[in-house]
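A structural walkthrough
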Amino acid sequence: MSTNSLPLLQHSLESPSAFTPERLMEAVRAERSLANEPVPPLCVLDFDGDLSDRLAEEGRTSPVKSWACFHTSMRAMTLNGVACGIVPRTIGGPYAVLVAEQLWAAGAKVIVGITSAGRISSDLPLPSIVVVDEAVRDEGTSLHYVPPSATIVTPTPRLAELLMRELGTVASHIRRGTAWTTDAPYRETPDQLRLWAERGVLAVEMQAASLFAFARARAANVAMVALVSNSVNAAAQPFDTGGHEFRSKVLAAVGRAAHAFIASAG
């Protein structure tokens, strides 16, 4: 079979979509009698969901009842003077982009993903933080948004710079670099891990390439923060994302970076 006949390569990227996030949100509002209100200017995709759950348990967030989504809920809090919406468990490129499309259409000014990730680079301590500035496109969602390429760079480098500055105040081990985005976490083979390590890739996760492609196509402000929690090929090591207090500090740093970014853009 010729690669030219593969479905993932058969997309007319300039053609408008027949189905839009606005249309879906209109259907949700109609079915649930929701007000048409903008989402907070900063929206965080909490891919694991643990951070969102604990913040809710502590009474630090409140539900956003007007969030028009069939698939997710949103909770809100204020970070450094910026209203922040948090959407949990949007794991994987397709799901993350589905929600990001709706967030951007609903008025978000900045979207930041916070994800756990596996270590590829052997010199990364555990835990550590990677601000992703480039992603290997080993997934399918990005091919619906931008032409094929091996990698895709961050669409919002200024936001990545601000995140590095603010996260540097809460973490001793922080790097800016490349992540391998995969659709199949249980098919991360030893050969692939060696290959990407040799090419300077720092960590592996499931969303960055997809979100970067969406952001480039929609002119959206998107960034990715990876909490490197484990070594993929070392089964004896426990997972460590730093604990709830650390993740809360990461979220606060994201709020400060978003505040600075929005202020400088507006």
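Everything numeric in this text was worked out from a predicted model, so none of it was measured.

**Focus on the environment of Thr-141**
With respect to the helices, strands and loops of the structure, Thr-141 is situated in the loop between strand S6 (128–138) and strand S7 (151–153). Note on Thr-141: relative accessible area 12%, which makes it buried. A C-alpha to C-alpha distance of 33 Å links Thr-141 and Val-170, two positions 29 residues apart in sequence. Here Thr-141 is in contact with Gly-93, Pro-94, Val-97 and Ser-210, once residues within four sequence places are set aside.

**As for unusual backbone geometry**
Of the consecutive residues Leu-126 and Pro-127, the connecting peptide bond is found in the cis state with omega at -10°. By secondary structure assignment, the location of Pro-127 is in the loop between strand S5 (110–119) and S6. Although it is not a glycine, Arg-89 sits at a positive phi angle of roughly 60°. The topology assignment puts Arg-89 in the loop between strand S4 (82–88) and helix H3 (93–105). Here Ala-219, not a glycine, exhibits a phi torsion of approximately 55°, which is positive. Here Ala-219 is to be found in the loop between helix H6 (208–218) and strand S10 (222–231).

**Some details on the packing of helix H1 (residues 21–32) against H3**
It is the contact of H1 with H3, at a shortest axis distance of 9 Å, that shows an interaxial angle of 80°. On the basis of the axis angle, H1 is roughly perpendicular to H3. On H3, the residues that touch Pro-21, Glu-22, Leu-24 and Met-25 of H1 are Glu-101, Gln-102 and Ala-105. Grouping the amino acids of the contact of H1 with H3 by side-chain chemistry returns 4 nonpolar, 1 polar and 2 charged.

Thresholds applied
Residues numbered from 1 in each chain as written. Predicted model: local features only at pLDDT ≥ 70, side-chain atom pairs only at ≥ 80, totals over all residues. Heavy atoms only, no water. Helix = DSSP H or I, 4+ residues; strand = E, 2+ residues; numbered from the N terminus. Buried < 20%, exposed > 50% of the residue type's maximum accessible area, 1.4 Å probe, protein only. Contact = heavy atoms within 4.5 Å. Axes fitted to C-alpha atoms, helices over the stretch in contact; angles between N-to-C directions. Parallel < 35°, antiparallel > 145°, perpendicular 65-115°, else oblique. Nonpolar A, V, L, I, M, F, W, Y, C, P; charged D, E, K, R; others polar.

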